[in-house]
Amino acid sequence: MTDHTLAGPVRVRFAPSPTGYLHVGGARTAIYNELLRLNAGGAFILRIEDTDRERSDEAMTRQICSALEWLGLRWDEGPFLQSERVDRHREAAAELIANGKAYRCFCSLELLDEQRKAAEAKGDAFFYPRTCFAVARGDSDARAAAGETFAVRFRMPGEVIRFQDLVRGAMEFPRDAVDDFILLRSDGSPTYHLSVCVDDVDMRISHVIRGEDHLTNTAKHVPLFQALGSPVPMFAHLPLILGTDKKRLSKRFGAASVEEFREQGILPEALYNYLALLGWSPGHDREVLSREEMGRLFTTDRLNSSPAIFDHEKLAWMNGQYISHLPLAELLEHAASFLAAEGLAGVEKARLGAAVDLHKNRARSLGHLAQMVRPYFEPIAYDEEACKEFVSDPSVAESMAFLRVRFVAVDPFGKDGVEAALRALATERGVKAGVLIHPARMALSGVAVGPPLFDLVALMGRQATEEHMLRFEGFLRAAGAAQGSTGPTAK
RNA sequence: GGCGCAUUCGUCUAGGGGUCUAGGACGUCGCCCUCUCACGGCGGUAACACGGGUUCGAAUCCCGUAUGCGCUACCA
């Protein structure tokens, strides 16, 4: 069953570094954190890892928070800024030095760089030779007191590193897999490794759910947790999300950030659902399910261990599912900016709602929906190419004139009456209904492929219908005359 | 190079020794519905990377090989 029930209160955290937009991989990590929290109770903490001040910026932090909020994620504590906790990190480093778990390193960057290059030239991995580990404690203290600059390195203990990973099982790294890594830079700032571990300890994190790219880092963190005298949390390292090139999904490959999908007209619920299923399965062939349902069903043992390729097609399908099932009012809210982009901002609300309702089960994105709805309000100019078959058949113009008269006479004006009128006319003229329907759709909407005709007519109303039919007749006459002058068609 | 992780239809996955002639979903193809486009319904296509073991029996366990990916910073 769920292993976390034995481990005390579940405290999870999502800890993005604000160096860019929220990547869908990060979003998925956040989702799994929230899902575990939803399932097990406890707390979900948001922490911003901005220890790399050169690459971090406040705007990005806000951006990430708003992307998480848009996705519907709710955290219980935070956001905490790691940069505000550097005193605590330094204090922890000092304690580690005092305990002999860490030591000062006076090696210059130039020297280390040389050593690294030499190692690389030989084809070896660079491994810090522990030069400064040999410096006697008294000397070290004296040099520091004298103002010599130094970094602080963790003294890796000499044991095999073991930890439990909820996704991959028992993990084991040889002792020499990692060297004495830096805890505090020579400018006194803490590195990521120190900060995460100290923060995870202080925030009493029980489960660290993060990307697989951190798997080898965990070999550093586990001994660090132990040196800090703290219990080691449970880990779950998630496989990466790949592009179709099987490389880590990145912007240059297409959309990779949450905000890009938002701009593409993806509903947050759809993205959440899709992402949750990319690496986790609730079983029983369930696919479309709410955040609450997923929370109820979520267990880490159903997390997948192999990487997943991001499939835009399936996301689009799922988005379509959500668009068609969302209550109209909510859908209109989400679609507002897309409708505005189609010039439909000022349109009569009731009619807009009716048109959207008519098309919501055919759209795969909000932009797509707005496009489909547009012909109800803003007939596009007739395109001669698209109308060629109507222009070349003189009976079409005649039929349209008859149809216009019948439409106008329908009373009460509505979908059923309009349909009856058209079908009656078709019967009288001995043609199939479609023969009238297609040019009529063109007359009213300007598109050959679009809204269902009778709904379109009903929604437009008697007056607009008449106007557009007349407009189309005029167009047919003009086009027919132009064609007649270049070559005879009608007899 | 070293260390690590991964490998079921094109894609996401179910599967945790016999119920697998491998199930579902997206995509794709065909048919039905139909005023176009969709939706919906029905049906088809398509996968256990390879080689050795273990076992009466392996997609499922073990070991290799191959391939892919990740990490290998005083980045996170």
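Residues numbered from 1 in each chain as written. Chains lettered and ligands numbered in written order. Predicted model: local features only at pLDDT ≥ 70, side-chain atom pairs only at ≥ 80, totals over all residues. Heavy atoms only, no water.

**A short note on the confidence of the model for chain A**
Inference 1: Overall, the predicted model of chain A reaches an average pLDDT of 88, with 95% of residues at or above 70.
Inference 2: Considering only residues more than four positions removed or in separate chains, one finds that residues 1–6, a stretch of pLDDT under 50, has 10 contacts.
Inference 3: Counting contacts from residues 485–491, a segment whose pLDDT is below 50, to residues more than four positions away or on other chains yields two contacts.
Inference 4: In the predicted complex, the global pTM is 0.90; the interface-specific ipTM is 0.93. (pLDDT = per-residue confidence, 0-100. Contact = heavy atoms within 4.5 Å.)

**Things to note about the side chain of Asp180**
Inference 1: Inspection of the secondary structure puts Asp180 in the loop between strand E7 (169–173) and strand E8 (182–184).
Inference 2: Residue classification places Asp180 among the buried positions, given a relative accessible area of 2%.
Inference 3: Among the polar contacts made by the side chain of Asp180, one reaches the side chain of Arg130 at a distance of 2.6 Å.
Inference 4: Polar side-chain contacts of Asp180 include one of 2.9 Å to the backbone nitrogen of Met156.
Inference 5: Once you skip the residues sitting within four places of it in the chain, Asp180 turns out to touch Tyr103, Tyr128, Arg130, Arg153, Phe154, Arg155, Met156 and Arg175. (Helix = DSSP H or I, 4+ residues; strand = E, 2+ residues; numbered from the N terminus. Buried < 20%, exposed > 50% of the residue type's maximum accessible area, 1.4 Å probe, protein only. Polar contact = N/O pair within 3.5 Å; in protein donor to acceptor, adjacent residues only side chain to side chain.)

**A closer look at the protein's contact with RNA strand B**
Inference 1: In the region of RNA strand B, 63 residues are neighbours, and Arg168, Arg185, Glu287, Arg364 and Arg441 sit closest.
Inference 2: Close to the protein, within 4 Å, the atoms of RNA strand B are drawn from sugar and phosphate at a rate of 72%.
Inference 3: Note that a sugar or linking oxygen of RNA strand B is positioned 2.4 Å from one of the side-chain N or O atoms of Arg168.
Inference 4: Between RNA strand B and Ser186 there is a distance of 2.7 Å, counted from a base oxygen to a backbone nitrogen or oxygen.
Inference 5: When contributions to the surface near RNA strand B are tallied by element, the ones reaching two or more residues are helix H4 (109–121), strand E5 (151–154), E7, helix H6 (192–202), strand E12 (308–309), helix H11 (312–325), helix H18 (433–445) and helix H19 (453–460).
Inference 6: The element contributing the most residues to the surface near RNA strand B is H11, with four residues. (Near = heavy atom within 4 Å.)

**A few points about the pairing of strand E2 (residues 43–48)**
Inference 1: Counted residue by residue, E2 has six buried out of six residues, so it is predominantly covered.
Inference 2: Side-chain alternation along E2 places Ala43, Ile45 and Arg47 on one buried face and Phe44, Leu46 and Ile48 on a second face that is also buried.
Inference 3: Where strand E1 (residues 11–14) lies against E2, four bridges are found, and the strand directions are parallel. For Arg11, the partnering residue across the bridge sits in E2 and is Ala43.
Inference 4: Crossover connection from E1 via helix H1 (residues 24–40) to parallel E2: handedness right-handed.
Inference 5: Bridge count for E2 against strand E3 (residues 77–81) is three bridges, and the pairing is parallel. Within the sheet, the bridge partner assigned to Arg47 lies in E3 and is Phe80. (Pairing = 2+ DSSP bridges. Right-handed = clockwise from strand over helix to strand, strands pointing away.)

**Focus: the environment of Leu289**
Inference 1: Residue placement: Leu289 occurs in the loop between helix H9 (268–277) and helix H10 (291–297).
Inference 2: Overall, Leu289 belongs to the buried group, its relative accessible area being 1%.
Inference 3: Once the C-alpha coordinates of Leu289 and Tyr274 are considered, the two residues, 15 residues apart in sequence, prove to be 9.7 Å apart.

**Things to note about the pattern of salt bridges**
Inference 1: Applying the stated criterion across every chain yields a total of 31 salt bridges.
Inference 2: Its salt-bridge partner being Asp202, residue Arg85 comes within 2.6 Å of it at the nearest N-O pair. Residue Arg85 is located in the loop between E3 and helix H3 (86–99), and its partner Asp202 is located in helix H6; the two are separated by 117 residues in the primary sequence.
Inference 3: Looking at Asp202, the relative accessible area reads 30%, which means it is partly exposed.
Inference 4: The salt bridge involving Arg404 is made with Glu473; its shortest N-O contact spans 2.4 Å. Placement of Arg404 in helix H16 (residues 394–409) and of Glu473 in helix H20 (residues 462–486) is noted, with a sequence separation of 69 residues between them.
Inference 5: Its relative accessible area of 7% is what places Glu473 among the buried residues.
Inference 6: Each of Arg13, Arg47, Glu49, Arg85, Arg88, Glu91, Asp199, Asp200 and Asp202 takes part in salt bridges that share partners, so that together they form one network. (Salt bridge = Lys/Arg side-chain N within 4 Å of Asp/Glu carboxyl O.)

**Structural notes on the pairing of E5**
Inference 1: Where burial is concerned, the two faces of E5 agree: the one with Ala151 and Arg153 and the one with Val152 and Phe154 are both buried.
Inference 2: Where strand E4 (residues 102–105) and E5 come together, four bridges link them in antiparallel fashion. Bridge pairing in E5 places Arg104 opposite Val152.
Inference 3: Where E5 meets E8, two bridges bridge the pair, whose relative direction is antiparallel. Following the sheet pairing, Val152 is matched in E8 by Leu184.

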